[in-house]
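Each chain is listed here by its residues.
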Amino acid sequence: MTFQKIDADIKFDSKVLTDVAEALEPFADSMFKNRQGRWMAIVELAHVERTEPGPDEEKAPSVKVRVVGVEVAADEFTDERLRQEQQTMFRHRTSSGTLDSVA
């Protein structure tokens, strides 16, 4: 399957679903207190809206996505495993045409 490359803007829908809020709730206090904090998570995104500008508009097309599922790493072991998986996914995404793409 091939896709035509479109330079579309990505927008996040600010609506927080109940399931997402419940998954984040145990981390809310830590997130509030730690202004420099980072949390590893698995996130599921869903398509919400597609905007195509008219032929005379000089705006980029855009797609709006919403977080519909999230699980946050609750300990250092899980955090590290997710970081390793993120690095693996990055290598797969960026290795096209390199020696890494063979492996």
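So, how was this worked out
Residues numbered from 1 in each chain as written. Predicted model: local features only at pLDDT ≥ 70, side-chain atom pairs only at ≥ 80, totals over all residues. Heavy atoms only, no water. Helix = DSSP H or I, 4+ residues; strand = E, 2+ residues; numbered from the N terminus. Buried < 20%, exposed > 50% of the residue type's maximum accessible area, 1.4 Å probe, protein only. Areas by Shrake-Rupley, 256 points an atom, 1.4 Å probe, with all protein chains shown as cover. Core = buried A, V, L, I, M, F, W, Y, C linked by side-chain atoms within 4.5 Å. Contact = heavy atoms within 4.5 Å. Pairing = 2+ DSSP bridges. Axes fitted to C-alpha atoms, helices over the stretch in contact; angles between N-to-C directions. Expected span 1.5 Å × (residues − 1). Polar contact = N/O pair within 3.5 Å; in protein donor to acceptor, adjacent residues only side chain to side chain.

With that settled, the discussion passes to the overall build of the protein chain. A tally of regular secondary structure across the protein chain gives three helices and three strands. Going from the N terminus to the C terminus, the protein chain shows its helices and strands as β-α-α-β-β-α. Among the 103 residues that make up the protein chain, the fraction classed as buried is 15%. By element, 51% of the accessible surface of the protein chain is carried by carbon and sulfur atoms, the whole surface being about 9100 Å².

Attention now goes to the nonpolar core. Val20, Ala23, Phe27, Val70 and Val72 together form the largest nonpolar core, which totals five residues. Sorting the residues of this core by element identifies α1 (18-24) and β3 (62-72) as the ones contributing at least two each. In contact with alanine 23, other than residues within four places in its own chain, are Val70 and Glu71.

Strand order in the open sheet formed by three strands is β1-β3-β2, with mixed pairing between adjacent strands. A strand with exactly one partner marks an edge of an open sheet, and here the two such strands are β1 (9-12) and β2 (41-51). Each adjacent strand pair in this sheet contributes to an overall mean axis angle of 35°, direction not counted.

The periodicity of an α-helix, 3.6 residues per turn, causes residues three or four places apart in sequence to face the same way. Across its 19 residues, helix α3 (residues 76-94) extends 27 Å between first and last C-alpha, which sits within 8% of the 27 Å expected from 1.5 Å per residue. Structurally, the start of α3 carries an N-cap: the backbone nitrogen of phenylalanine 77 is 3.2 Å from a side-chain oxygen of aspartate 75.

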